[in-house]
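Survey of secondary and tertiary structure
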Amino acid sequence: MNIHKYEKAWLVAAMVLIVGFIATITYGAVGPGIAMIDDDAGSIDPNEISDHERFGETGVEHLGGNEYEVDVVAQAWSYSPSEIEVPAGSEVTFYVTSRDVTHSFTVVGTNVNTMVVPGQISEMTVKFDEPGEYGILCNEYCGQGHHTMEGLLTVVPEDEFDLTELSTDAPREVEAGNETTINATVNNGMQDGLETTATLEIGEQQYERDVTIDGEGSAELTFDVDTDALGAGEHDWTLTVDDHEESGTLSVVSETDGGDTNE
Amino acid sequence: MEVTRMSSTASRTYLDQFPAEAKVIKAAFWSSFMALAIGGLLGLVQALHRTDVLRFIDSADYYTVLTAHGILLAITFTIFFLVGIFTWAVTTSLDRGVVDIRFTWAWYIMMVVGTILVGVSILGGVVDAIPMYADVLFTFYAPLQAHPAFYVGLVLFVVGSWLAGADWFRTWWAWRKENPDERIPLPTFMALTTTLFWYLCTLGVALSILVFLLPWSLGIVDSVNPLLTRTLFWYFGHAVVYFWLMPAYMMWYIMLPKLSGGKLFSDPLARVVFVLFLLLSTPVGIHHQYLDPGIAEGYKFIAMTNTMFLLLPSLLTAFTVVASMEHGARQRGGTGYLGWLKALPWRDPVFTGMALAGLMFAAAGFSGMINAGMNINYLVHNSWWVVGHFHLTVGTAVALTFMAAAYWFIPQVTGKELWSRQLALGQVLVWFVGMTFMSNAMHRAGLFGMPRRTAEPQYQGFNFDPAVGTVGEINAQVALGAVLLTVALAMFLLNMVLTSFNDDSDSLPANTYAGTLSGPEDSPAVLDNLKLWTAIAVVLVIVGYTLPLASIVESGGLFGPDIGGFQLAIETDPALVLESVREVMP
Amino acid sequence: MRISKGALLVVIAVLIPFVVEFRTALSWFGIELSVLESLVLGGAAILAVVLWAVWPPNGNAEAELSGSR
Ligand code: HEM
Ligand SMILES: [Cu+2]
Ligand SMILES: [Cu+2]
């Protein structure tokens, strides 16, 4: 077979190009360590997502240090959770699976982009250095509402981030003169301990309480409210722990016009 | 040698030589043009809808339109044209007709019936009178589930194409008996090698449909493994892109040199190129699944390496085609380093269309190399970049070559002169310019994250942030490009219709193709050993696919964990604004 | 004419992707052209090519005649 000498030169150049490409991609995989989505996270039965240890409860979880895990379930046509918050400088591992058809989990403008195939779990780890907001979208057709499937990822400055959850339990109405309490549960989702103060404001009154919670722990807080000092009427209250707030209204009724207790 | 043989048939058209075959080819071309006409118009609807320039359909129906656009253009238009060209190539280069013309009609009709079934089931998405659903796009990923008619139609179409391949093989075997010692003529060699990898790759999608999707849509089995059917689809899905491309390559190898006024640079190298496609087209499909869970990185790496080597035949083609054009130009009196370019027949729409298509394919090569780069794929996967890429490859390198070729072929098979060469030249130029605008904007949109396959890529909670220009500008550019493309399409169809009614048939070119500077006698006989190459191709596929498929079956089960079908529609009842998820399987 | 009319049309068509991509390329160097500026630039480039194409190769009338077939 006779091959023209220019043709030979071209052939050699083409091979160099090809080998060069393979080399750069290999470098990308071992140098900066860009790993591909693979089969490490295993498979899952989509009918059993709700009982799954990982996806039974979705959202952000602290693994310790600057490592976090985010579990997301995709379904037509939303993500659960649809809003995700992680601290800057953290290393975040996403686990995503689908309840119905194939979707994607794509964080716009970043390398976070994976297909979400029912029966499989996609796992990817990313580092977010700078605070910012990123859109999340589905780029695989998943039915007529596909274009409405979106979410938001917020990377907040490290010192503004916590995994504190606050919930309250308070009566709506109380008779004047009676003792009443506003109860709060503060949950610390971080592995590290939490030291802070809880503040309850009601009417003109203000109560403060120091709170110390272990990693992965919670604390019950009880505020005794002096209804006499409040007087009859509607009283808005706010309970604040760091930047978490819960509020409600307490109506103090005098004994005479009581009876409106069809709550 | 072909060149001498062909001079004997000089000044006779294909219609004169093979009137019966010419009829089937003409029918196949018209089926192809009809798909192009409808599909192209739907493309315009999509472009205007997505960019919010003009929205006159419901966004929920967008996906019906997109399914039709994808199927009609990527499958129907391309493959009907291919069977036409290959039938021409085999009969012309063997200088004998098909063995049994009834068989030829049979596969053509089978393909038509398949297309109609698929078309009607897609139409069910917008026409209430048709109780079918097939809004599953041309990739039909389970557990999205189409009506059984959709799958049956696809199977008929593919089996029709298998029979077409059998037809070409039979014709070649018949010729072989009459000419036991001759080399396979180049065009036939190209058609046969292409057919072989088509058999190899369609096996995957046939398996996916016949064993899994069709029984599942009929309720015979009630679960599928979505990753398995998806992997089987892509086992076919990359090779199919080469299936579209091979007739275009054939045109570049055997028509362009002739049109440039010269000969093909090297017959042996052309054979090497087609053998490489036979070997490498299939064991690369996993490069479409770089971002799929459930497939180990190692398999992705192997697919990536194979893909990169698959660049080789295309790079070789670039060389041979340009060298052949230069040779032709110099025969026509061209001189100088680049001055020879002036001597090429730029006024000939067949030549210019193919040359521009080749140029765009070079550009597509660059964006393709990005796609193939495993880790860069994170950035572009399923973004509009990909759509920009394949409108350069199948949407231009293939489609524009086909349209340009039609300006030569339709007169050949109808015996009627092309109605207007000027209009034809204008048409290929307008297509080129239109695609420049549309594809450039799509690529750029992909880079800032705009997704493909999305009716309204405008989101509530965030905005895109383009590196250059604004989203509005990009949308305008896409719309402009799409309008130009549609104009070009109309120019093409007008010319084809008027040619069919043209009474003029005086100066028809003869049915010839390019001779070669370095002929088959220069190439080792082993190149023609189709059995050997097929065997190696099968081994490569087994090596590339056994382990990934085994691990997918192992982790998800052959039929998956009770995964039923979904037909996800937005509830239209305004009282129920909530989207409802309709599961069709019990 | 220095090149045939067909070739001139092709050159103009092929110029368009270059103008379009030029805008993208310039932005890497921090130069952002507006759409209008790109249009003007493209128009100027096309005009230059047309002028070059129709200009007689070496100024004298005979050359123009022989070249413009
Ligand atoms: C008038 C010319 C054309 C226009 C205006 C056009 C427009 C479009 C647009 C806007 C999309 C993107 C839809 C989306 O991502 O949401 C698209 C997708 C597509 N086009 Fe075209 N197109 C044209 C011609 C072609 C041709 C000639 C082919 C192939 C031969 C083709 C093949 C495809 C395919 C395969 C898809 C992807 C479908 C999918 O994602 O399922 N198009 N087209
Ligand atoms: Cu989606
Ligand atoms: Cu591919």
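All of these numbers come straight from a predicted model, not from anything done at the bench.

We now examine the packing of aromatic side chains. All names here are of chain B. Per the counting criterion, the structure on display carries 53 aromatic pairs over all chains. Judged by centre distance (5.6 Å) and plane angle (80°), the ring pair of Phe80 and Phe157 falls under edge-to-face. With a gap of 77 residues between them, Phe80 in helix α4 (residues 62-94) and Phe157 in helix α6 (residues 148-178) connect regions that are remote in the sequence. Directly above the ring of Trp384 sits Arg50, whose terminal nitrogen or CZ lies 3.8 Å from the centroid. Here the guanidinium or amino end of Arg271 rests over the ring plane of Phe189, the centre of that ring lying 5.1 Å away.

All names here are of chain A. Spatially, the five strands line up as an open sheet ordered β12-β18-β17-β14-β15, and their pairing is mixed. This sheet does not close on itself; its edge strands, each paired only once, are β12 (173-175) and β15 (205-213). The average angle at which neighbouring strand axes cross in this sheet is 25°, direction not considered. Sheet topology note: the β12/strand β18 (residues 244-253) ladder contains three bridges and is parallel. Opposite Glu173, over in β18, you have Ser251 as the bridge partner.

With that settled, consider the arrangement of the chains. Most contacts, when the two pairs of chains in contact are compared, are made between chains A and B. What separates chain A from chain C at the closest point of their C-alpha atoms is a distance of 18 Å, and the two make no contact.

Chain C puts 18 residues into the contact, and the matching count from chain B is 19 residues. Summed over both sides, the interface of chain C with chain B buries roughly 1500 Å², with 75% coming from carbon and sulfur. Where chain C packs against chain B, one counts one salt bridge. Among the ionic pairs, Arg23 of chain C bridges to Glu473 of chain B, the shortest N-O distance being 2.5 Å. The interface formed by chain C and chain B contains two residue pairs in polar contact (both at pLDDT 80 or more).

Glancing now at the domain arrangement of chain A. By a widely used convention, the size of an interface equals the accessible area lost when the partners come together. All names here are of chain A. As assigned here, chain A comprises domain 1 (1-31), domain 2 (35-160) and domain 3 (164-262). Computed over C-alpha atoms only, the centres of domain 2 and domain 3 are separated by 35 Å. Contact residues are listed per partner, giving five residues for domain 2 and five residues for domain 3. Summing the contributions of domain 2 and of domain 3, the shared interface buries around 330 Å²; its carbon and sulfur component is 48%. The largest contributions to the domain 2 side of the interface with domain 3 come from His62, Tyr68 and Glu160, which together make up 80% of the buried area. In this structure, the connection of domain 2 to domain 3 is made through zero salt bridges. Scanning the region where domain 2 abuts domain 3 turns up one residue pair in polar contact (both at pLDDT 80 or more). Among the elements that make up the side of domain 2 that touches domain 3, the one with the highest residue count is strand β1 (residues 59-64) (three residues).

Turning our attention to the coordination of the copper ion (ligand 2). Residues and elements named next belong to chain A. Coordination of the copper ion (ligand 2) by the protein is provided by Cys138 (SG), Glu140 (O), Cys142 (SG) and His146 (ND1), with metal-donor distances spanning 2.0 to 2.4 Å. One can describe the site at the copper ion (ligand 2) as tetrahedral: its four donor atoms subtend angles covering 86 to 127° at the metal. Counting residues between consecutive donors of the copper ion (ligand 2) along the chain gives the motif C-x1-E-x1-C-x3-H. Take Cys142 and His146: they sit in the same class, and that class is buried.

Across the contact, 63 residues belong to chain A and 76 residues belong to chain B. For the pair chain A and chain B, the summed buried surface comes to about 6100 Å²; carbon and sulfur atoms form 67% of the total. On the chain A side of the interface with chain B, the three residues burying the most area are Met36, Tyr141 and Gln144 of chain A, jointly 14% of the side's total. Counting the contacts that link chain A with chain B gives one salt bridge. Arg453 of chain B serves as the salt-bridge partner of Glu140 of chain A, at 2.9 Å between the closest nitrogen and oxygen. Every element with two or more residues in the side of chain A that touches chain B is listed here: α1 (5-30), β7 (113-116), β9 (132-137) and β10 (150-156) of chain A. The leading source of residues in the side of chain A that touches chain B is α1 of chain A, at 14 residues. When the residues that make up the side of chain A that touches chain B are grouped by side-chain class, the tally is 34 nonpolar, 21 polar and eight charged.

Here is what the cut-offs are and how they apply
Residues numbered from 1 in each chain as written. Chains lettered and ligands numbered in written order. Predicted model: local features only at pLDDT ≥ 70, side-chain atom pairs only at ≥ 80, totals over all residues. Heavy atoms only, no water. Phe/Tyr/Trp six-rings, centres within 6.5 Å; stacked < 30°, edge-to-face > 60°. Helix = DSSP H or I, 4+ residues; strand = E, 2+ residues; numbered from the N terminus. Lys NZ or Arg CZ within 6 Å of the ring centre and 35° of its normal. Pairing = 2+ DSSP bridges. Axes fitted to C-alpha atoms, helices over the stretch in contact; angles between N-to-C directions. Contact = heavy atoms within 4.5 Å. Buried area = accessible area lost by both parts, 1.4 Å probe. Salt bridge = Lys/Arg side-chain N within 4 Å of Asp/Glu carboxyl O. Polar contact = N/O pair within 3.5 Å; in protein donor to acceptor, adjacent residues only side chain to side chain. Domains from an automatic or database assignment. Donors = N, O, S within 2.8 Å, 3.2 Å for Na, K, Ca; no water. Tetrahedral: all angles 85-135°; square planar, octahedral: opposite > 155°, others 65-115°. Buried < 20%, exposed > 50% of the residue type's maximum accessible area, 1.4 Å probe, protein only. Nonpolar A, V, L, I, M, F, W, Y, C, P; charged D, E, K, R; others polar.

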